[in-house]
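Structure assessment
Residues per chain are reported as follows:
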Amino acid sequence: MKYRKLGRTNYEVSEIGYGAWGIGGALWQGGRDDESLAALRRAIELGLNFIDTALAYGDGHSEKLVGQVVRDSGRKIYVATKVPPKNQLWPAQPGIGIDEVFPYDYIMACTERSLRNLRLEAIDLQQLHVWNPEWIGRDEWRRAFEDLQRSGKVKAVGVSINDHQPDSALELIETGLIDTVQVIYNIFDQSPGRNLFPLCQKRNIGVLARVPLDEGSLTGRVTTASTFPPGDFRNDYFRGDRKRQVVERVNAIREDLGLADGELPEAALRFCFSHPAVSTVIPGMRSRRNVEVNCSLPDRGPLPPETLAKLKHHAWDRNFYD
Ligand SMILES: NC(=O)c1ccc[n+]([C@@H]2O[C@H](COP(=O)([O-])OP(=O)(O)OC[C@H]3O[C@@H](n4cnc5c(N)ncnc54)[C@H](OP(=O)(O)O)[C@@H]3O)[C@@H](O)[C@H]2O)c1
């Protein structure tokens, strides 16, 4: 494993972190808690020390599993969680005021709930789960973040940016009030590289690269025949003709890079930490097997410049969350 500084915090975080949405169940079906716990424990054995969870992931279930493993580990593991939007709307909608989404008391109450689920004394990184740039001048989120940090319940603060809208956080970063951003960054969505990443580097803001495998399509395992369990959000994400579109794009990447079967997840994850602005890449990985593969990748280093140059041409502008 290798480590990078998380922006201006003093955290040295592993280049591969743990995306804990999937282990919450609910929108991700087909997992089992005993396997998730074993995967998390194995990740920590392999040097992973950063976990991204959220109060919304299985209504606290993911936080409970994460807290259990972190407490048992006896090591310093950095835990990031998130305050869900009060109106339960992902992503944030233009024109909807902060009083409906992140009122002060609500941010404080959600943080208390997360602390109870995690059974930890403090949260290393508390994030707003959506962001709307119209809220920039509002006092609620600023005061809540300040008071939480002053009380010691939260150590660092950040925002998870709306899907495929990296530039919506530029002004927020300029305020100097947040330590990190979490953003979709993968071979298909390379847009954070244009404006967001250079600004994060300039302002020393930590970057969590989320959905590095495009919810599974960049593992190469989604085929036109793939099915997902009932209730799983991927039924919607990969609905209609989308699986066929994905297979076409994935095959083009494989061909261009000369990848053998099974080599795409490595290329996809190394692509993400090849960018120096990225502090940690947080794939979801509910199995020990995937943990072992992914945690071995930092030792192989970034992708060579000629591979990165080829991958530039595989960016794909679309929004499957719609
Ligand atoms: N709005 C937000 O703030 C937001 C939204 C989405 C995600 N996130 C965060 O970002 C994290 C990552 O995103 P994600 O979990 O949605 O999707 P992802 O990381 O793009 O993809 C996860 C999928 O890839 C599979 N996988 C992982 N490593 C693999 C490997 N080496 N070989 C083959 N398959 C592999 C996983 O399988 P298994 O799980 O079955 O092992 C899972 O099906 C989340 O867990 C969450 O922490 C945040």
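This structure is a prediction, so every number in the text was calculated from the model and none was measured. (Residues numbered from 1 in each chain as written. Predicted model: local features only at pLDDT ≥ 70, side-chain atom pairs only at ≥ 80, totals over all residues. Heavy atoms only, no water.)

**Quick look at the packing of helix α1 (residues 33-45) against helix α2 (residues 61-73)**
Helix-helix packing is described using two parameters, namely the angle between the two axes and the distance between the axes. Contact pair α1 / α2: the axes reach a minimum separation of 10 Å and the direction vectors enclose 45°. The orientation of α1 relative to α2 falls into the category oblique. Of the two possible hands of crossing, α1 and α2 adopt the one that is right-handed. Together, Asp33, Ser36, Leu37, Leu40, Arg41 and Ile44 of α1 and His61, Leu65, Val66, Gln68, Val69, Asp72 and Ser73 of α2 make up the contact between the two elements. Within the contact of α1 with α2, the residues separate by chemical class into six nonpolar, four polar and three charged. (Axes fitted to C-alpha atoms, helices over the stretch in contact; angles between N-to-C directions. Helix = DSSP H or I, 4+ residues; strand = E, 2+ residues; numbered from the N terminus. Parallel < 35°, antiparallel > 145°, perpendicular 65-115°, else oblique. Left-handed = near helix turned anticlockwise from the far one by under 90°. Contact = heavy atoms within 4.5 Å. Nonpolar A, V, L, I, M, F, W, Y, C, P; charged D, E, K, R; others polar.)

**Some details on the packing of aromatic side chains**
On inspection of all chains with the given rule, the structure shows 18 aromatic pairs. Look at tyrosine 185 and phenylalanine 197: their rings are 4.8 Å apart centre to centre, the planes differ by 70°, and that puts the pair in the edge-to-face class. Of the two residues, tyrosine 185 sits in the loop between β8 (180-184) and α7 (196-203) while phenylalanine 197 sits in helix α7, which places them twelve residues apart along the sequence. The exposure class of phenylalanine 197 is buried, given its relative accessible area of 0%. (Phe/Tyr/Trp six-rings, centres within 6.5 Å; stacked < 30°, edge-to-face > 60°. Buried < 20%, exposed > 50% of the residue type's maximum accessible area, 1.4 Å probe, protein only.)

**A look at unusual backbone geometry**
Following tryptophan 90, the chain continues into proline 91 via a peptide bond in cis, with omega recorded as -10°. Relative to the assigned elements, proline 91 resides in the loop between β5 (78-83) and α3 (98-101). Of note, the phi angle at asparagine 204 is positive, near 60°, even though the residue is not glycine. One can find asparagine 204 in the loop between α7 and β9 (206-210). For asparagine 204, a relative accessible area of 40% translates into the label partly exposed. Even without a glycine there, the phi angle at aspartate 214 is positive, about 50°. Along the chain, aspartate 214 turns up in the loop between β9 and α8 (234-237). The class of aspartate 214 is buried, set by a relative accessible area of 1%.

**Structural notes on the pairing of strand β7 (residues 154-160)**
The two faces of the sheet receive side chains in turn, since in a regular strand these alternate between them. With six of seven residues buried, β7 lies mostly within the body of the structure. Strand direction decides the pairing type here: strand β6 (residues 123-128) and β7, joined by five bridges, are parallel. Bridged to isoleucine 123 within β7 is valine 154. After leaving β6, the chain enters helix α5 (residues 139-151) and then returns to the sheet as β7, a path that is right-handed. Pairing between β7 and β8: three bridges, direction parallel. Across the sheet, the residue bridging to serine 160 is glutamine 182, located in β8. (Pairing = 2+ DSSP bridges. Right-handed = clockwise from strand over helix to strand, strands pointing away.)

**Side note on the pattern of salt bridges**
Summed over the entire model, instances satisfying the criterion amount to 27 salt bridges. The salt bridge involving aspartate 34 is made with arginine 32; its shortest N-O contact spans 2.5 Å. Taking relative accessible area as the criterion, aspartate 34 reaches 45% and is therefore assigned partly exposed. (Salt bridge = Lys/Arg side-chain N within 4 Å of Asp/Glu carboxyl O.)

**Some remarks on the environment of alanine 268**
Mapped onto the elements, alanine 268 comes out in helix α10 (residues 264-274). Along the backbone, alanine 268 and aspartate 214 are 54 residues apart, and their C-alpha atoms lie at a distance of 9.3 Å. In contact with alanine 268, other than residues within four places in its own chain, are Ile187, Pro212, Leu213 and Leu218.

**What about the sheet that holds strand β3 (residues 18-19)?**
Strand order in the open sheet formed by eight strands is β3-β4-β5-β6-β7-β8-β9-β10, with parallel pairing between adjacent strands. Both edges of this open sheet fall to β3 and β10 (280-281), since each of them pairs with a single strand only. Pairing between β5 and β6: four bridges, direction parallel. Each residue of the ladder has a partner; that of threonine 81, found in β6, is glutamine 126.

**Concerning the nonpolar core**
Formed by 93 residues in total, the largest nonpolar core has its most connected members in Tyr18, Phe102 and Val181. In terms of nonpolar packing, the next biggest core, distinct from the first, is built from ten residues, Leu6, Phe50, Leu125 and Ala156 among them. (Core = buried A, V, L, I, M, F, W, Y, C linked by side-chain atoms within 4.5 Å.)

**Points about the side chain of aspartate 163**
Within the secondary structure, aspartate 163 sits in the loop between β7 and α6 (170-174). Judged by its relative accessible area of 16%, aspartate 163 is buried. A polar side-chain atom of aspartate 163 sits 2.9 Å from a polar atom in the side chain of arginine 210. Residues in contact with aspartate 163, not counting those within four places in the same chain, are Ile184, Arg210 and Tyr321. (Polar contact = N/O pair within 3.5 Å; in protein donor to acceptor, adjacent residues only side chain to side chain.)

**A closer look at the packing of helix α9 (residues 242-257) against helix α12 (residues 305-312)**
Here α9 crosses α12 at 150°, and the two axes come no closer than 10 Å. Between α9 and α12, the angle is such that the two are roughly antiparallel. Taken as a pair, α9 and α12 cross one another with a handedness that is right-handed. Here Ile253, Asp256 and Leu257 of α9 come into contact with α12, specifically with Thr307, Lys310 and Leu311. Broken down by class, the residue content of the contact of α9 with α12 amounts to three nonpolar, one polar and two charged.

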